[in-house]
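In case you want the letters, here they are:
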Amino acid sequence: MSITTRFAPSPTGYLHVGGARTALYSWLYAKSKGGKFILRIEDTDIERSTQAAINAILEGMQWLGLHHDDGPYYQTKRFDRYKELIQQLLKEGKAYKCFMSSAELDGIREKQMANGEKPRYPGTWRERTDHPENQPFAIRFKNPLNGTVVVNDHIRGKIEISNTELDDLVIQRSDGTPTYNFCVVVDDWDMGITHVVRGEDHINNTPRQINILQALGAPIPEYAHVSMILGDDGKKLSKRHGAVSVMQYRDDGYLPQALLNYLVRLGWSHGDQEIFSVDEMIELFDLDAIGQSASAFNTDKLIWLNQHYIKTMPAQEVAEHAKWHFDQQAIDLSAGPALEDVIAIQADRVKTLKEMAEISRYFYEEYQEFDANAAKKHLRPVAKDALLLVKDKLQAIQQWGPETIQQAINDTATELDVGMGKVGMPLRVAATGSGNSPSLDVTLNLLKPEQVAQRIDKALIYIANRENS
Ligand code: GLU
């Protein structure tokens, strides 16, 4: 059997991490089975759906690399199809017109609630034929009166619902628009969905949807209802917990690989393994191994994964993602070394790509002023001789490179008979503006010789000013 899955977001907001995890699971399952992954935009709620939200969802999926094989489909473009099938059900006596006014319906509901009953439509118009003329009506699905619906959910196991608990669902409103549950059913059928992976908030819809699928003569897909994501305080994940939008993670400097790895583990496991490349996820993923309980978001773990990927992914690939952050921070990458070279030496010094850009500015432009503490500590009059001598030696280098740079520093220390730190630290502060940088041979190597010389002069001026004040 060929597998088809889908992600079917309602475009009422950004793509949040819960949705992204559902999308990932759905995508992984299709990929792991050599199947197809469909993107469907469920935009029937015209009041709440926006183009901005659609764009945000597409952007989030693109950034995560969860590419669809088919779609995006839009439900608002498929109204004719839904209506056609509603007419068919009417003709077959599997649906009926209901002329109950909303006031009347409200009255019934109120009574039921006052009696401590679950509000449900009592089937008033189910068998009636005395239809009034020129009166608005909704169309309701004739839910079976007896029997049970059984769902063998891949995550939650066997779920059984008695049909006596389900009332006759409105499938077309009195304004002629089809309702949400009906559209989902038709789409899942028309798009050949074999596996529905979605949030557990839809679990109550499933028996109703199965009944409608059956009435249409459509095959019943398999289901996997994914649990919720909670914040680290055990409450439902929301903005209060910080970032929830996928694109906010991009903005905060996370690699999509790290977020994907984080999300796949949030609810799914394969032994004790924590690190999964996307290829490994595809190879090992299975719906049946997803846990039932809600998972708590743990930012520290995400940071740990992000560091791991920044350090271990090819610098060239990290650079592809880091570029955006340098742009955001108005750092002109054309004014300095190749970004991947900077990343190669800075990778183990940062948690995020945002930090990567922050700490790498000195490779691309003059720093404005010295870090106050570093300058106070290392740019003292005693450092003057070391800076003057190392400047000479650096300027005399024929072949600018890590070895020759290191040699110049070593020779300076030997000639002045001082420890390496006495040369290295002032030189570091001079060359980078701060006391933190990768080792000097590789750092200076990415700067131009004349740039280094100028920066040493700047440090010497700083020292001179300090002597005079
Ligand atoms: N549109 C629904 C949502 O965004 C998903 C429905 C489904 O997956 O069946 O929650």
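Just above sits the structure.
Reading the values: the criteria
- Residues numbered from 1 in each chain as written.
- Predicted model: local features only at pLDDT ≥ 70, side-chain atom pairs only at ≥ 80, totals over all residues.
- Heavy atoms only, no water.
- Pairing = 2+ DSSP bridges.
- Helix = DSSP H or I, 4+ residues; strand = E, 2+ residues; numbered from the N terminus.
- Axes fitted to C-alpha atoms, helices over the stretch in contact; angles between N-to-C directions.
- Phe/Tyr/Trp six-rings, centres within 6.5 Å; stacked < 30°, edge-to-face > 60°.
- Lys NZ or Arg CZ within 6 Å of the ring centre and 35° of its normal.
- Buried < 20%, exposed > 50% of the residue type's maximum accessible area, 1.4 Å probe, protein only.
- Lys, Arg positive; Asp, Glu negative; His and termini not counted.
- Salt bridge = Lys/Arg side-chain N within 4 Å of Asp/Glu carboxyl O.
- Polar contact = N/O pair within 3.5 Å; in protein donor to acceptor, adjacent residues only side chain to side chain.
- Contact = heavy atoms within 4.5 Å.
- Near = heavy atom within 4 Å.
- Areas by Shrake-Rupley, 256 points an atom, 1.4 Å probe, with all protein chains shown as cover.

*Asks:* When you look at the sheet that holds strand 5 (residues 138–141) in this model, what are you seeing that I'm missing?
*Replies:* Pairing between the strands of a sheet is mediated by backbone hydrogen bonds and can be parallel or antiparallel. Pairing within the open sheet is antiparallel, and its three strands lie in the order 4-5-8. Single-partner strands in this sheet number two, and they are strand 4 (95–98) and strand 8 (170–172). Strand-to-strand twist of the sheet, defined as the mean angle between neighbouring strand axes without regard to direction, takes the value 45°. Across two bridges, the pairing between strand 5 and strand 8 is antiparallel. Paired with Arg140 across the bridge in strand 8 is Val170.

*Asks:* Whenever I open this one, the packing of aromatic side chains confuses me. Can you help?
*Replies:* For any pair of aromatic rings, the description consists of the separation of the ring centres together with the inter-plane angle of the planes. Summed over the entire model, instances satisfying the criterion amount to 13 aromatic pairs. Ring geometry for Phe370 against Tyr462: centres 5.2 Å apart, planes inclined by 70°, an arrangement best described as edge-to-face. Taken together, the residues Phe370 in the loop between helix 13 (353–360) and helix 14 (372–378) and Tyr462 in helix 19 (residues 449–468) connect sequence positions 92 residues apart. Arg140 extends its terminal NZ or CZ atom over the ring of Tyr121, reaching a point 3.5 Å from the ring centre. Between the NZ or CZ atom of Lys458 and the centre of the ring of Tyr367, over which it lies, the distance is 4.1 Å.

*Asks:* Could you clarify how one ought to interpret the side chain of Arg140 in this entry?
*Replies:* Here Arg140 shows up in strand 5. Put simply, Arg140 is tucked away with no salt bridge, and the nearest opposite charge, on Asp167, sits 5.3 Å away. A distance of 2.7 Å separates the side chain of Arg140 from the backbone oxygen of Asp168, its partner in a polar contact. With sequence-adjacent residues up to four places away left out, Arg140 is seen in contact with Ala95, Tyr96, Cys98, Leu105, Tyr121, Asp168, Leu169, Val170 and Ile171.

*Asks:* Please clarify how the site of the ligand should be interpreted in this entry.
*Replies:* Residues in close proximity to the ligand include Arg6, Ala8, Pro9, Ser10, Glu42, Tyr180, Val184, Arg198 and His202, which together make up its full environment. In this structure, Ala8 approaches the ligand through a main-chain N or O atom, which is 2.7 Å from a nitrogen atom. In the model, an oxygen atom of the ligand is placed 2.8 Å from a nitrogen or oxygen of the His202 side chain. About the coverage of the ligand: the protein hides 82% of its 300 Å² of free accessible area.

*Asks:* I tried to follow the pairing of strand 6 (residues 148–153) on my own but got confused; where do I start?
*Replies:* A regular strand places its side chains on the two faces of the sheet in alternate fashion. Here strand 6 shows a buried face lined by Val149, Val151 and Asp153 and an unburied face lined by Thr148, Val150 and Asn152. Of the strand pairs in this sheet, strand 6 and strand 7 (residues 157–162) are connected by six bridges, and their pairing is antiparallel. Bridged to Val149 within strand 7 is Ile161. The antiparallel hairpin formed by strand 6 and strand 7 contains three residues in its connecting segment.

*Asks:* How do you make sense of the pattern of salt bridges when you look at a structure like this?
*Replies:* Oppositely charged side chains can form a pair if their charged atoms are brought close together. In this structure the tally under the stated criterion is 29 salt bridges. Note that Arg81 is salt-bridged to Asp190, the shortest N-O span being 2.8 Å. Remark: Asp190 occurs in helix 5 (residues 180–190) and Arg81 occurs in helix 3 (residues 79–91); sequence separation between them is 109 residues. Of the residues examined, Asp190 reaches a relative accessible area of 32% and is grouped as partly exposed. A salt bridge links Lys384 to Glu467, with the shortest nitrogen-to-oxygen separation between them at 3.7 Å. Of this pair, Lys384 sits in helix 15 (residues 384–395) while Glu467 sits in helix 19, and the two are 83 residues apart along the sequence. The network of salt bridges with common partners includes Arg6, Arg40, Glu42, Arg78, Arg81, Glu84, Asp187, Asp188 and Asp190.

*Asks:* Whenever I open this one, the environment of Trp268 confuses me. Can you help?
*Replies:* In this structure, Trp268 sits in the loop between helix 8 (256–265) and helix 9 (278–284). C-alpha separation for the pair Trp268 and Val186, spaced 82 residues apart in sequence, amounts to 30 Å. Among all residues touching Trp268, those that are not within four sequence positions of it are Tyr25, Phe276, Leu284, Phe285, Asp286, Ala289 and Ile290.

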